[in-house]
Amino acid sequence: MNEKLSIVIPVFDEAENIERLYSEITQTLSDPGYEYEIVFVDDGSRDKGLQKLLALRESDDRVKIISFRKNFGQTAALSAGFDCAQGEIVVTMDADLQNDPADIPILLGKIEEGYDLVSGWRYDRQDKWLSRRLPSVLANKLISWATDVKLNDYGCTLKAIKREVVKNITLYGELHRFIPAIASWMGVRIAEVKVNHRPRVAGQSKYGISRAFRVLLDLVTVKFLLSYSGRPIQFFGIPGLISGLLGGALAVYLTIQRVFMGIPLGDRPILLLAVLLILIGVQFVVFGLLGELQTRTYYESLDKPIYFIKDKYGID
Ligand code: UDP
Ligand code: MG
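Just so we're clear, the structure is a prediction, and the values are computed from it rather than from any experiment.

Engineer: Can you help me understand the overall build of the chain in this one?
Structural biologist: Within the chain one finds 10 helices and seven strands. Relative to the globule expectation of 20 Å for 316 residues, the C-alpha radius of gyration of the chain, 25 Å, shows a markedly less compact shape. Taking the principal axes of its C-alpha atoms as reference, the chain extends roughly 90 × 55 × 35 Å. Taking the intrachain contacts of the chain between residues at least 6 apart in sequence as the baseline, contacts between residues at least 24 apart amount to 80%. Carbon and sulfur atoms make up 59% of the accessible area of the chain, which amounts to about 17600 Å² in all. Distance between charge centres in the chain, computed from 38 positive and 38 negative side chains, equals 7 Å.

Pasting the structure below:
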């Protein structure tokens, strides 16, 4: 392995874990074949974490530190790390020692095989069953079903990702969990490997059960962006058309009955249904059109391509 590595680690109140984490990483990567930097992103920690990081940097300038003014969240921290990472391969991991740095070479081996993104699978996860593992099993099933990327463990931060992938994804909200799904849009080759998972010994977990609901909403966003962001009219327009046509047919039927058979309209609830369906139909089609306008503004103002090129031959 002679390409440079960037280990990106979000850190929020993990002071007691930092020194051991650093020594485990440097031990694993002590083989002279590895050239690397460790980018710690201090996400507004309120403990002595930043001092500990600065102390590490005193003696090792492969330690790079980004310090946030306040707690912006794990996604923001990863994103800042991605922006600054200089390596050809970016490895992400948690700071709490639940991920095992000894697994890094396994991930890198897969990258060498030609994969663009290798994700860890905590097959023997050391977390609480009811509040963590059960929701996670359901979430993984759901995300795999909704996106085209079938993974057993979406929640594992331990990943190795090629630079060109990392530099081309923008993360918002809490979307770091969906990095493989978002990257799949570019057509990257994704592998999953079993990794070690250890119980948290120091510090506290930053998340509770409410995360399950937020993940669910994020999944809706990701699914929409992946499948329909380039063609919102398809997403809204099809249900809109179905609803409008059904409503229209009902209205015609009621009109015929009223005009030709003299059946009164006033006391028929089905009339309400017809009106409702027509209104929903019109609204959905209009949503779709607005979405199309938005999409154009989005892609054109940001100069975002609607494709992603792997190689070019004979073209500069
Ligand atoms: N983290 C962060 N900002 C936050 C929350 C968490 O940088 O707002 C970091 C945290 O320090 C750890 C990683 O993200 O390195 C994962 O957090 P945690 O271990 O609490 O999550 P869990 O393993 O319980 O899912
Ligand atoms: Mg953890």
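Engineer: Where do I start with the packing of helix 1 (residues 15-28) against helix 2 (residues 49-59) in this structure?
Structural biologist: Packed helix pairs are specified by the crossing angle of their axes together with the interaxial distance, meaning the distance between the axes. Where helix 1 meets helix 2, the axes come as close as 8 Å, and the angle between the chain directions of the two elements is 20°. In terms of orientation, helix 1 lies roughly parallel with respect to helix 2. Judged by the twist between their axes, the crossing of helix 1 over helix 2 is right-handed. Contacts between helix 1 and helix 2 involve A15, I18, E19 and Y22 from the first element and G49, K52, L53 and L56 from the second. Classifying every residue of the contact of helix 1 with helix 2 gives five nonpolar, one polar and two charged.

Engineer: I keep staring at the pattern of salt bridges and nothing clicks. Help me out?
Structural biologist: Where charged atoms from two side chains of opposite charge approach closely, those side chains can pair. Applying the stated criterion to the full structure yields 16 salt bridges. The partner of K64 in a salt bridge is E37, with the nearest N and O atoms 2.8 Å apart. Here K64 is found in strand 3 (residues 63-67), whereas its partner E37 is found in strand 2 (residues 36-42), with 27 residues between them in sequence. Look at E37 and you get buried, because its relative accessible area is 1%. Among the ionic pairs, D60 bridges to R62, the shortest N-O distance being 3.0 Å. Taken together, the shared-partner salt bridges connect E14, D96, R200 and K206 into one network.

Engineer: I'm lost on the layout of surface pockets in this one. Help?
Structural biologist: Over the atoms, a rolling probe the size of a water molecule traces out where space has been left empty. The space that makes up the largest pocket amounts to roughly 940 Å³. Elements supplying a minimum of two residues to the lining of the largest pocket: strand 1 (5-11), helix 3 (74-84), helix 5 (129-146) and helix 8 (211-228). Among the elements that line the lining of the largest pocket, the one with the most residues is helix 5, at nine residues. Residue classes in the lining of the largest pocket are distributed as 18 nonpolar, 16 polar and 15 charged. Computed from the structure, the second largest pocket encloses a volume of approximately 650 Å³. Together, 24 residues line the second largest pocket, and T170, I182, L225, Y298 and K304 are the ones closest to its centre. Those elements giving two or more residues to the lining of the second largest pocket turn out to be helix 8 and helix 10 (269-301). Each residue belonging to the lining of the second largest pocket can be placed in one class, and the counts come to 15 nonpolar, seven polar and two charged.

Engineer: Any chance you could explain the side chain of T75 here in plain terms?
Structural biologist: Relative to the helices and strands, T75 is located in helix 3. Ignoring anything within four residues of it in the chain, the contact list for T75 reads L171, Y172, G173, E174, L175 and H176.

Engineer: Any chance you could explain empty space enclosed by the protein here in plain terms?
Structural biologist: Applying the stated criterion across every chain, the model contains one cavity of 30 Å³ or more. Here the largest cavity defines a volume of roughly 50 Å³. Forming the boundary of the largest cavity are L78, F82, T92, Y154, C156, T157, K159, I161, H176, R177 and I179. Counting residues per element, the ones that place at least two in the lining of the largest cavity are helix 3 and strand 6 (159-162).

Engineer: Looking at this model, I keep getting lost on the coordination of the magnesium ion (ligand 2). Mind explaining?
Structural biologist: Reference values for angles at a metal are 109.5 degrees in the four-donor tetrahedral case and 90 or 180 degrees in the six-donor octahedral case. Protein ligation of the magnesium ion (ligand 2) involves D96 (OD) and Q98 (OE1), the donor distances falling in the range 1.9 to 2.0 Å. Here D96 matches Q98 in class, with each residue buried.

Engineer: Please clarify how the site of ligand 1 should be interpreted in this entry.
Structural biologist: Ligand 1 sits among 18 residues. The nearest are E14, D43, D96, S205 and K206. Within the backbone of A95, a nitrogen or oxygen atom sits 2.8 Å from an oxygen atom of ligand 1. At 2.9 Å from an oxygen atom of ligand 1 is found a side-chain nitrogen or oxygen belonging to R200. Bound to the protein, ligand 1 loses 95% of the 530 Å² it would expose on its own. Structurally, ligand 1 is housed in the largest pocket. Of the residues in the shell around ligand 1, the class split is five nonpolar, five polar and eight charged.

Reading the values: rules and limits
- Residues numbered from 1 in each chain as written.
- Chains lettered and ligands numbered in written order.
- Predicted model: local features only at pLDDT ≥ 70, side-chain atom pairs only at ≥ 80, totals over all residues.
- Heavy atoms only, no water.
- Helix = DSSP H or I, 4+ residues; strand = E, 2+ residues; numbered from the N terminus.
- Rg over C-alpha atoms; globule rule 2.2 N^0.38 Å.
- Contact = heavy atoms within 4.5 Å.
- Areas by Shrake-Rupley, 256 points an atom, 1.4 Å probe, with all protein chains shown as cover.
- Lys, Arg positive; Asp, Glu negative; His and termini not counted.
- Charge placed at Lys NZ, Arg CZ, Asp CG, Glu CD.
- Axes fitted to C-alpha atoms, helices over the stretch in contact; angles between N-to-C directions.
- Parallel < 35°, antiparallel > 145°, perpendicular 65-115°, else oblique.
- Left-handed = near helix turned anticlockwise from the far one by under 90°.
- Nonpolar A, V, L, I, M, F, W, Y, C, P; charged D, E, K, R; others polar.
- Salt bridge = Lys/Arg side-chain N within 4 Å of Asp/Glu carboxyl O.
- Buried < 20%, exposed > 50% of the residue type's maximum accessible area, 1.4 Å probe, protein only.
- 1 Å grid on protein atoms, 1.4 Å probe; cavity = no way out; pocket = protein on both sides within 12 Å on 5 of 7 lines; lining within 4 Å.
- Points joined across faces, edges and corners; volume = space filled by probe spheres on them.
- Donors = N, O, S within 2.8 Å, 3.2 Å for Na, K, Ca; no water.
- Near = heavy atom within 4 Å.
- Polar contact = N/O pair within 3.5 Å; in protein donor to acceptor, adjacent residues only side chain to side chain.
- Sits in = over half its atoms within 2 Å of the grid points.

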